[in-house]
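Report on the structure
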Amino acid sequence: MSFKHLQIDAPKPWPHNAWYQAAWIHELNDTPIARMFLDEPVVLFRGKAGEAYALEDRCCHRATPLHLGEVVDGGLQCGYHGLVFDGAGKCVEIPGQDTIPPQAQVRSYPVVEQQEIVWIWMGDPALADDRLIIDFPYLDDHENHPHGHGLLEIDCNHMLLVDNLMDLTHIPYIHKKTIGGGDQKGQVNATMDVTKKDTGVHYIRWMENIVPPPTYRKAADWGDNVMVDRWQEFEYVAPASVLQWTGALECGRGAKQNRFQEGGFSARVWHTATPRTETSCFYFWAATNSFLPKDKAATEKLHSEVAKTFDEDIAFLEQQQACLSANPDRASVDIKHDVARKPARATLERMIRAEAEALATAAE
Ligand code: FES
Ligand SMILES: [Fe+2]
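If you're wondering where the values come from, they're calculated on a predicted model, not measured in any experiment.

What counts, and where the lines are drawn
- Residues numbered from 1 in each chain as written.
- Chains lettered and ligands numbered in written order.
- Predicted model: local features only at pLDDT ≥ 70, side-chain atom pairs only at ≥ 80, totals over all residues.
- Heavy atoms only, no water.
- Helix = DSSP H or I, 4+ residues; strand = E, 2+ residues; numbered from the N terminus.
- Rg over C-alpha atoms; globule rule 2.2 N^0.38 Å.
- Buried < 20%, exposed > 50% of the residue type's maximum accessible area, 1.4 Å probe, protein only.
- Contact = heavy atoms within 4.5 Å.
- Areas by Shrake-Rupley, 256 points an atom, 1.4 Å probe, with all protein chains shown as cover.
- Pairing = 2+ DSSP bridges.
- Salt bridge = Lys/Arg side-chain N within 4 Å of Asp/Glu carboxyl O.
- Expected span 1.5 Å × (residues − 1).
- Donors = N, O, S within 2.8 Å, 3.2 Å for Na, K, Ca; no water.
- Tetrahedral: all angles 85-135°; square planar, octahedral: opposite > 155°, others 65-115°.
- Polar contact = N/O pair within 3.5 Å; in protein donor to acceptor, adjacent residues only side chain to side chain.

Comments concerning the overall build of the protein chain
Counting secondary structure elements, the protein chain contains six helices and 18 strands. Its C-alpha radius of gyration of 23 Å places the protein chain within 12% of the 21 Å reference for a compact globule of 364 residues. For the protein chain, the C-alpha atoms occupy an extent of roughly 80 × 45 × 35 Å along the three principal directions. Here the protein chain, with 364 residues, has 51% of them falling under the buried criterion. Considering only residue pairs separated by 6 or more positions, the protein chain has 58% of its internal contacts joining residues 24 or more positions apart. Carbon and sulfur atoms form 50% of the exposed surface of the protein chain, whose accessible area is close to 17400 Å².

Dropping the structure here:
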């Protein structure tokens, strides 16, 4: 199918030619799920043989959302008059009619399942290259990195979530009760090493000799007088994902020289914010218990603590979006702590610009 729906005169704040997380693999079954990505309504489902599919959520007959239908042999059956569409979006059955017009089809989107993530490609299917999918192997390793899965729908532009993860000086303010309590000054004055990359930006923050925050203290079972060296390593990979390794070891254990030590606190965190509309997104996250992997209760406790932390973020992000929407043209001021946020934004803008230029060239 051609890629006519992309309008070069109507720029959107996201690239289309990229992989986005559509779901966690366990969410998909034979009950269709309706989800909007990049302003386009999509229906996700598993066929009878278990394979994952994504189709435009609009029947080509009378425009009924296909998620109201059901999975049958051969594909997804529209719930209104029974047309059946296969995983490629082609109509394969019209009840009571022998011939199927060739234009009876809906758009289908490339889908790949990898490391517990269902990825979707919203752009030109000819450009959908599996090798561009981000590798985060911890999600496949429940023995050494057990974890739960989170999904939140947030009323904010997806990049506000990325901004939030690129500037962690918010932590001692928003997250006093979870990951930000303890030593406020030590956290704001963390060292920050930022490296720009073609795909985004990487940084590592170190907070040495600090009081551990409540979440870490609970997880590692540290007493009142324990002091730690704490790190936060983050990488934004455009357009929508952030890979994190966060942890702490008791002072004197040489965390800075070797973070791969037993004990202490350690978590690998997956974040991705798939745009739903310009002012809403799906936030998929998972935080691994990489410090006591055999302790199921520790995994559950970590998951609920991290969930609490993200609820604290959301309250701010949605209010921030409301202010931005009310006055979109007001300028903002950057400060020193925007040092990773700015190249993250620049990477996304480069990607959007490159896509627009490629489309303009193709249209000439
Ligand atoms: S609207 Fe889908 S079959 Fe008629
Ligand atoms: Fe936060």
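Next comes the rest of the description.
What to know about the side chain of H158
Relative to the elements of secondary structure, H158 occurs in helix α1 (residues 158–166). In this structure, H158 is in contact with P13, P239, A240, A273, P275, C281 and L348, ignoring residues within four places of it in sequence.

As for the pairing of strand β4 (residues 52–56)
The sheet contact formed by strand β3 (residues 40–46) and β4 spans five bridges and is antiparallel. Among the inter-strand pairings, F45 is bridged to a residue of β4, identified as Y53. The loop that links β3 with its antiparallel partner β4 comprises five residues; one of these, G50, has a positive phi angle of about 95°. Pairing of β4 with strand β9 (residues 108–109) involves two bridges; the strand directions are antiparallel. Pairing of L55 across the sheet is with S108, part of β9.

Considerations on the pattern of salt bridges
Under the counting rule described, the total for this entry stands at 19 salt bridges. A salt bridge links K12 to E278; the nearest nitrogen and oxygen atoms lie 3.8 Å apart. Linking K12 in the segment before β1 (19–24) with E278 in the loop between β17 (265–277) and β18 (280–287), this pair joins segments that are 266 residues apart in sequence. According to the relative accessible area criterion, K12 is partly exposed, its value standing at 29%. Look at E278 and you get partly exposed, because its relative accessible area is 37%. Across the pair R341 and D338 runs a salt bridge whose closest N-O atoms are separated by 2.9 Å.

Quick word on helix α6 (residues 341–363)
One turn of an α-helix holds 3.6 residues; hence residues three or four places apart share an orientation. If you check α6, its first and last C-alpha atoms are 33 Å apart, about what 23 residues at 1.5 Å a residue would give, namely 33 Å. For α6, the full list of buried residues reads R341, P343, A344, T347, L348 and E355. The secondary structure elements touched by the buried residues of α6 are α1, β13 (191–197), β14 (200–210) and β15 (228–237).

Considerations on the coordination of the iron ion (ligand 2)
Six octahedral donors around a metal ideally make angles of 90 or 180 degrees; four tetrahedral donors ideally make 109.5 degrees. Protein coordination at the iron ion (ligand 2): the donors are H170 (NE2), H175 (NE2), D313 (OD) and D313 (OD), at 2.0 to 2.5 Å from the metal. What the four donor atoms of the iron ion (ligand 2) show is an angle range of 56 to 151° at the metal, which sorts the shape as irregular. Spacing between the donor residues of the iron ion (ligand 2) along the chain follows H-x4-H-x137-D. Considered together, H170 and H175 belong to a single accessibility category, that of buried residues.

Description of α1
In terms of residue burial, α1 counts as a mostly covered element, since nine of its nine residues are buried. Within the sequence span of α1, burial applies to H158, M159, L160, L161, V162, D163, N164, L165 and M166. The distance from a side-chain oxygen at the start of α1 to the backbone nitrogen of M159 is 2.8 Å, and the residue carrying that oxygen is N157.

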